[in-house]
Amino acid sequence: NASGKSNLLRCISVMDEIVHISSRTSSTTKLPHDPFVLKEGYIDKPTEFEIVFVTDGKRYRYGFSYTQSSIVREWLYRKYVGREVPLFLREGEVIDVRSGFQGSKKLIDTAVEATRDNALFLSQCDTLNVEEATAIMAWFDTLHVINGLYTEKHEISTVELWQQATYREKINQYINSIAMDIQGINISIKKLDENDIPPDMPAPMRENLAGMSKYNVQSFHHTYSKNNAPKKEFLSWDFDKHESEGSKKALQLSGPVLSALMNGEILVIDEMEAKLHPIITLNIIDMFLDPNCNPKHAQLIFATHDTNLLSYSKLRRDQIYFTEKNKWESTELFSLSDFVYF
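What you see is a predicted model, and the numbers here were worked out from it, not measured in a lab.

Right, let's get into the packing of aromatic side chains. Under the criterion given, the structure shown has 15 aromatic pairs. Ring geometry for Phe88 against Phe121: centres 4.9 Å apart, planes inclined by 85°, an arrangement best described as edge-to-face. Here Phe88, found in strand 4 (residues 85-91), pairs with Phe121, found in helix 3 (residues 121-127); they are 33 residues apart in sequence, far enough to count as distant. Just as Phe88 is buried, Phe121 falls in that class too. Pairing Trp139 with Phe140 gives two aromatic rings, centres 5.1 Å apart and planes at 80°, and the pair type is edge-to-face. A relative accessible area of 1% places Phe140 in the buried class. Ring pairing ties together the aromatic residues Phe49, Phe53, Tyr60, Tyr62, Phe64, Tyr66, Trp139 and Phe140, which thus form one cluster. For Lys45, the ring lying beneath its charged end belongs to Tyr42, and the centroid distance is 5.2 Å.

Here the focus is helix 10 (residues 278-289). Taking 1.5 Å of rise per residue, the twelve residues of helix 10 would be expected to cover 16 Å, and the 17 Å separating its terminal C-alpha atoms lies within 8% of that figure. Among the residues of helix 10, Ile280, Thr281, Leu282, Ile284, Ile285, Met287 and Phe288 are the ones counted as buried. Each element contacted by the buried residues of helix 10 is listed here: helix 6 (165-177), helix 9 (245-263), strand 10 (266-270), strand 11 (299-302) and helix 11 (308-312).

Here the focus is the sheet that holds strand 6 (residues 143-147). If you walk across this open sheet you meet the three strands as 6-10-11, and the pairing is parallel. With partners counted over all chains shown, the strands left at the sheet margins are strand 6 and strand 11, one partner each. Averaged over all pairs of adjacent strands, the angle between strand axes in this sheet comes to 15°, irrespective of strand direction. Sheet analysis places strand 10 next to strand 11, joined by four bridges and oriented parallel. Along strand 11, the bridge assignment pairs Val268 with Ile301.

All right, on to the nonpolar core then. If you look at the biggest cluster of nonpolar residues, it comprises 36 residues, and the most contacted ones within it are Tyr174, Ile185, Ile284, Phe288 and Leu300. Only helix 5 (155-162), helix 6, strand 7 (184-191), helix 9, strand 10, helix 10 and strand 11 provide two or more residues apiece to this core. Element by element, the count of residues in this core is highest for helix 9, at seven residues. Counting residues in hydrophobic clusters, the runner-up holds 35 residues, among them Tyr62, Leu76, Val130 and Ala133.

What counts as what
Residues numbered from 1 in each chain as written. Predicted model: local features only at pLDDT ≥ 70, side-chain atom pairs only at ≥ 80, totals over all residues. Heavy atoms only, no water. Phe/Tyr/Trp six-rings, centres within 6.5 Å; stacked < 30°, edge-to-face > 60°. Helix = DSSP H or I, 4+ residues; strand = E, 2+ residues; numbered from the N terminus. Buried < 20%, exposed > 50% of the residue type's maximum accessible area, 1.4 Å probe, protein only. Lys NZ or Arg CZ within 6 Å of the ring centre and 35° of its normal. Expected span 1.5 Å × (residues − 1). Contact = heavy atoms within 4.5 Å. Pairing = 2+ DSSP bridges. Axes fitted to C-alpha atoms, helices over the stretch in contact; angles between N-to-C directions. Core = buried A, V, L, I, M, F, W, Y, C linked by side-chain atoms within 4.5 Å.

Okay, here's the thing in structure tokens:
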């Protein structure tokens, strides 16, 4: 507890947020700068993010440092064949774009001129449809960060996927595979009518709700004979009223999990095991590790307190990292593969 796991994943979320909103904000917009304040001199240091990823067979290293009011530095490197090469380097107001950065020179020059002090050059290039920038932004669009303690809002993504026949089958397979007694679910969706809206609700609110949809989730269970044998008949009941909190969370996560697996996305979950049985947590991890379930190489990054995963999961040593506070309460990150056993 309190070693910095959640802050580490929050860094991914904040970096993703800045990348996506940078070109759409005004010149006076303050950046989400939250400096380390426990060590002398650090409150004035810029925050720095860097991420390394592979897309379309190319490895990129992208990063930036910033204060509350401006971008201090920004850089992008690419490694495809041979050594890593810089595509652009930014120091303050100076943006040095190299010839290897793919896209129209005219558009790139326009992006250089249009980039504000508090905006990212990469985001500005994407706005102008510079070829390589749009490819990198497409990768950032596959990055999804979820707080495992508050997954209720993600149930709507499961409902949206349910409306597609392919996902509907996958959701039921997922529910059946994660060791719950539920034999399947059904989600019914209908338009709100006047009887669904409280009559004493103010007229403007009633008008806003008119035409919107509501959904209901039903789960199916075996029924049993007097001799405890399962019968052919199933019983359905309201999922939200009768299922456990763990089952509800499993359903809420099914949309993001299946979307990641089917589209090759990166899913980041803090406190993944909260409200989940350890077997369900293991099964979700196994789905990402199984090439049959994960043919598009989706990635799962999660924070957990469950030390059982060290023994029972199929994770390699280099896939497991620890966080620890140093003597001035800053978080340090290190891999299990760093340890050598004799």
